[in-house]
Amino acid sequence: MAEQQAVDDPSDGQRPGTGRRRFLGLAGAAAAGVGLTACGTGGSAGLRQAAVAATAGGGSIPSSGAGSSAVPQQENAKPGNADWRIGTAGPDRAIEGWADRTSVLPGESFGLHVSTTASTFKVSAYRMGWYGGARGRLVWQSDQLPGSTQSAAALDPHTRMISTDWSKTTTVDTAGWPEGSYLLRLDAAGGAGQRYVPVTVRSASTAGKLVVVNATATWQAYNTWGGYNLYNGENGAYATRSLVVSHDRPYHEYDGAGLFMVYETPLIALAEKLGLPLAYATSTDLAGQPGLLKGALAVLSPGHDEYWSPEQRANVVAARDAGTNLAILGANCCFRRVRYEPSPTGADRQVVCYKDSYKQDPGFQQTGLPTNDYRAAPHADPESSMLGVIYDGYPVDAPYVVGDPGHWLFAGTGVQAGDSFPHLVGVEYDRVNTGFDTPRPIEILAHSPVVCEGRKSFSDTAFYRAPSGAGVFASGTMRWVEALDASGDGRSGADHAMDAKAGALTQKVTENLLRAFAAGPAGAAHPPQDNVAAVYGQ
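Residues numbered from 1 in each chain as written. Predicted model: local features only at pLDDT ≥ 70, side-chain atom pairs only at ≥ 80, totals over all residues. Heavy atoms only, no water.

**Concerning the confidence of the model for the protein chain**
In this model, the protein chain carries a mean pLDDT of 89, and residues with pLDDT of at least 70 account for 86%. Ignoring residues within four places in sequence, the model shows residues 2–37, a span with pLDDT below 50, making 107 contacts including any to other chains. Taken as a whole, residues 42–72 scores under 50 in pLDDT and shows 75 contacts with residues more than four places along the chain or in a different chain. (pLDDT = per-residue confidence, 0-100. Contact = heavy atoms within 4.5 Å.)

Written out as C-alpha cells, the structure reads:
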C-alpha cells in the first residue's frame, strides 16, 4: 500500500465489523517517494472501455449463508466461548503485551512480555475459528499473575525502529493446543483494562491441506504502537517513518490484535465452518521453511498481505508450480519486498523495508538486493507474474460488477451479468494489466469500473491456470474478507456500508473456491477461458 490506512481502534466492545470498519482513509504525506502516484501505476495507458457495464440494480443472492450444511471439523464441533471479545479496553498502557515468537509448533513454549498498571492479571488463550458462530474457543487460562509497569518504547536513532526490552513475564506452554490462530486476552485485575496478543500455533505439515497464512509482516508494517511504523513517524511524517519494525512490541490496532482481526478472522471462520482440511502458518514461516508447502492443496492469502520476503515468494511460486492452488483474497498482495533480521529475543523478529530509501540500507549495500516495491528497479519483479493481477491504486470506493455470471465460481449465487454490489471494491484494488508479466490463460470474472483520484480504471477478479494445473484466484479488492461479515442494508455505515447481499456473494464465491481448491489443482479441473481481449479490447 502506498499510504497509511487510518485504522479505527475498537475499544467500544462492539462485535468485529460493527464500529471499526469505517472507510479507510489515507495520509497523503506517506504517498511521497514510494515510486507510485497515489492512485497506482500512474496514467491510463492501455486502458479500454469495459465490455461489461455496471447496472444500477443489486445482485440476486440466496439468503442462506455459505456452508450451512457442511460437517464442521472435529475441533469446531467443540462448544465455543463468545466472551473472547474485549469488553473494556481501558486506558492506554493499562495492560499490553507481546509474544516473543510469532508462531510455535503444538507443544512448544513461548514467552509473554506484559506491562500493566495493575497488581495482577490473567491470560486467556482463545483459538479463533467458527465454533457455531462464537468465533473463538477458550483453550487455556492462567492463574492470576503478578503485574508490573515496564519501560517505555525505545527508538533506534538510525532506523527509527520502535521496540521494547521488556522482561519475560511468564512462559506459556502450548501442550494440548490444536493448530490454529490464537488471540491471548490479557485481563488486568479490577477491570482496569484488556488487550490481545496474537500468536499462531503452526502446522508441522501442510500436505493435503489449505494453508491459512497469517500475514504477520504486514501486521507489523502498519503497527503504530510507539508512534512509528513503515509509513509514518514523528508528527505523522513519511520522512521520519521507521525503516525497520520489530515484533518486540505490542500491537496498537484493534486492542492489540493488529490487522488479524479485520482481514483474517472472517476468512478463518468461514473456512472452518465448511469443515475443510486446514493448516496454519505465518508469512515468516513460509519464508524460513522451503519445504513447508510440500503437498499443500492451496495457500490462502488474506485480505491484506502486502509485505513478502523474496524467500516467501519463491517458496509460494515453487508450490504453485508443483500444483498447489493460490487464493489472493484481498488486494495489494506481495507489493513490498522485505528482509527479516533477528532481534534480541530471536530470529526473524525484525522486518526491514527501506522502500525508496533502499540505497541507505546496509543490507542492500552488502547484497545488492533492495527492500523496496517488487515492481521497482533494481531487480524489478512485478507481483503479477505470481498473482495474475497487479496493484493499481488507492483510494477507491466502488461497486463490484459481475462480468461472467455463468462461471463456476458464481454457481449458486443467482447473479446476472452487470449486477453490482455497492462499496465492495475498495480501498485498494488490483487489475489485469498485460503491460506487466501476466500468466495466460487468465479469465476476468468481474470487471468493476473505478475512478481513482480522477483516473478511470478497473478492479478485476481473475482466475488463471498455472502450467502445473494449479488454479490462482485473485479477488481484486481489499474488502473481500471484510465483506464475508457484511450484513444488514448498509445504512449504518458499518463494513464500509457493504450490505448483506455483498456478504452473501463473497461467502458463496469463497465457498465455491475453497471447495474446488480442496479437491486438487483447480486450474486443471476448471480450465479458464482467456477473455482479456474481449474485456479490455486488446
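**A short note on empty space enclosed by the protein**
Sizing a probe to match a water molecule and rolling it over the atoms shows the empty space that remains. Tallying each qualifying case throughout the model produces 4 cavities of 30 Å³ or more. Considered as a void within the structure, the largest cavity measures approximately 130 Å³ in volume. Going through the elements one at a time, strand S1 (95–99), strand S11 (194–201) and helix H1 (216–222) are the ones with two or more residues in the lining of the largest cavity. In the lining of the largest cavity, the residues fall into 8 nonpolar, 6 polar and 3 charged. (1 Å grid on protein atoms, 1.4 Å probe; cavity = no way out; pocket = protein on both sides within 12 Å on 5 of 7 lines; lining within 4 Å. Points joined across faces, edges and corners; volume = space filled by probe spheres on them. Helix = DSSP H or I, 4+ residues; strand = E, 2+ residues; numbered from the N terminus. Nonpolar A, V, L, I, M, F, W, Y, C, P; charged D, E, K, R; others polar.)

**Digging into the packing of aromatic side chains**
Counted according to the given criterion, the structure contains 16 aromatic pairs. Above the face of the Tyr 374 ring, Arg 313 is positioned so that its terminal group lies 4.9 Å from the ring centre. Looking at Lys 355, its charged tip hangs above the ring of Tyr 231, at a distance of 3.6 Å from the centre. (Phe/Tyr/Trp six-rings, centres within 6.5 Å; stacked < 30°, edge-to-face > 60°. Lys NZ or Arg CZ within 6 Å of the ring centre and 35° of its normal.)

**Re the sheet that holds S1**
Judged by pairing direction, the sheet is antiparallel, and its 3 strands sit side by side in the order S1-S3-S9 without closing on themselves. Among the strands making up the open sheet, the edge pair consists of S1 and strand S9 (170–173). Taking each pair of neighbouring strands and ignoring which way they run, the sheet shows an average axis angle of 30 degrees. One ladder, built from 4 bridges, connects strand S3 (residues 109–116) with S9; its direction is antiparallel. Bridge pairing in S9 links Phe 110 to Val 172. (Pairing = 2+ DSSP bridges. Axes fitted to C-alpha atoms, helices over the stretch in contact; angles between N-to-C directions.)

**Re the side chain of Arg 202**
The topology assignment puts Arg 202 in the loop between S11 and strand S12 (210–214). The charged side chain of Arg 202 is buried without a salt bridge, its nearest counter-charge being Asp 285 at 4.1 Å. Leaving out residues up to four positions away in the same chain, Arg 202 has contacts with Arg 101, Ser 103, Val 104, Leu 105, Pro 106, Glu 108, Glu 179, Tyr 280, Ala 281, Asp 285 and Gln 289. (Buried < 20%, exposed > 50% of the residue type's maximum accessible area, 1.4 Å probe, protein only. Lys, Arg positive; Asp, Glu negative; His and termini not counted. Salt bridge = Lys/Arg side-chain N within 4 Å of Asp/Glu carboxyl O.)

**As for the environment of Asp 248**
Turning to its location among the elements, Asp 248 is positioned in the loop between strand S13 (244–246) and helix H2 (260–263). Residue Asp 248 is classed as buried on the basis of its relative accessible area of 2%. Considering only alpha carbons, one finds Asp 248 and Arg 349, 101 residues apart in sequence, at a separation of 7.2 Å. Not counting residues within four places of it along the chain, the set of residues in contact with Asp 248 comprises Trp 98, Ser 163, Thr 164, Ser 343, Pro 344, Thr 345 and Arg 349. Within the local environment of Asp 248, its side chain forms a polar contact with the side chain of Ser 343, the two groups lying 2.7 Å apart. (Polar contact = N/O pair within 3.5 Å; in protein donor to acceptor, adjacent residues only side chain to side chain.)

**Thoughts on the pairing of strand S14 (residues 278–282)**
Of all 5 residues that make up S14, 5 are buried, and the element is covered over most of its length. In this sheet, S14 lies alongside S12 in parallel orientation, the contact comprising 5 bridges. Note on S14: the bridge partner recorded for Val 211 is Ala 279.

**Describing the sheet that holds strand S15 (residues 298–301)**
Spatially, 7 strands are ordered S14-S12-S15-S17-S25-S24-S23 in an open sheet, and the strand pairing comes out mixed. One side of each edge strand has no neighbouring strand; the edge strands of this open sheet are S14 and strand S23 (442–452). The sheet shows a mean angle of 20 degrees between the axes of neighbouring strands, taken without regard to direction. Here S15 runs beside strand S17 (residues 325–328); their pairing, made up of 4 bridges, is parallel. For Ala 298, the partnering residue across the bridge sits in S17 and is Asn 325. Sitting on the sheet, helix H3 (residues 265–273) is in contact with S12, S14 and S15, with an inclination near 160 degrees to S14. Seen against the sheet, helix H9 (residues 500–518) touches S12, S15, S17, strand S24 (455–465) and strand S25 (471–474) and runs at an angle of roughly 160 degrees to S17.

**Thoughts on the layout of surface pockets**
Quantified by volume, the second largest pocket comes out at close to 280 Å³. Surrounding the second largest pocket, 14 residues form its lining, Arg 101, Thr 102, Ser 103, Thr 284 and Ala 347 being those nearest its centre. Put simply, the parts of the chain that give the lining of the second largest pocket at least two residues each are helix H4 (283–288) and strand S20 (346–352). With 4 residues, S20 is the largest single contributor of residues to the lining of the second largest pocket. Looking at the lining of the second largest pocket, its residues break down into 1 nonpolar, 7 polar and 6 charged.

**Description of the pairing of S12**
Among the 5 residues of S12, 5 are classified as buried, and the element is accordingly described as predominantly covered. With burial as the criterion, each face of S12 is covered, one bearing Leu 210, Val 212 and Asn 214 and the other bearing Val 211 and Val 213.

**Structural notes on the pattern of salt bridges**
Here the structure, examined in full by the defined rule, presents 24 salt bridges. Note that Asp 485 is salt-bridged to Arg 135, the shortest N-O span being 2.6 Å. Of this pair, Asp 485 sits in the loop between helix H8 (480–483) and H9 while Arg 135 sits in the loop between strand S4 (120–128) and strand S5 (136–141), placing them 350 residues apart in sequence. When its relative accessible area of 16% is taken as the criterion, Arg 135 is described as buried. Between Asp 361 and Arg 339 there is a salt bridge whose closest N-O contact spans 2.9 Å. Here the residue Asp 361 occupies a position in the loop between S20 and helix H6 (362–367), and Arg 339 occupies one in strand S19 (residues 339–343), the gap between them amounting to 22 residues. Among the ionic contacts, a cluster of salt bridges with common partners joins Glu 75, Lys 78 and Arg 137.

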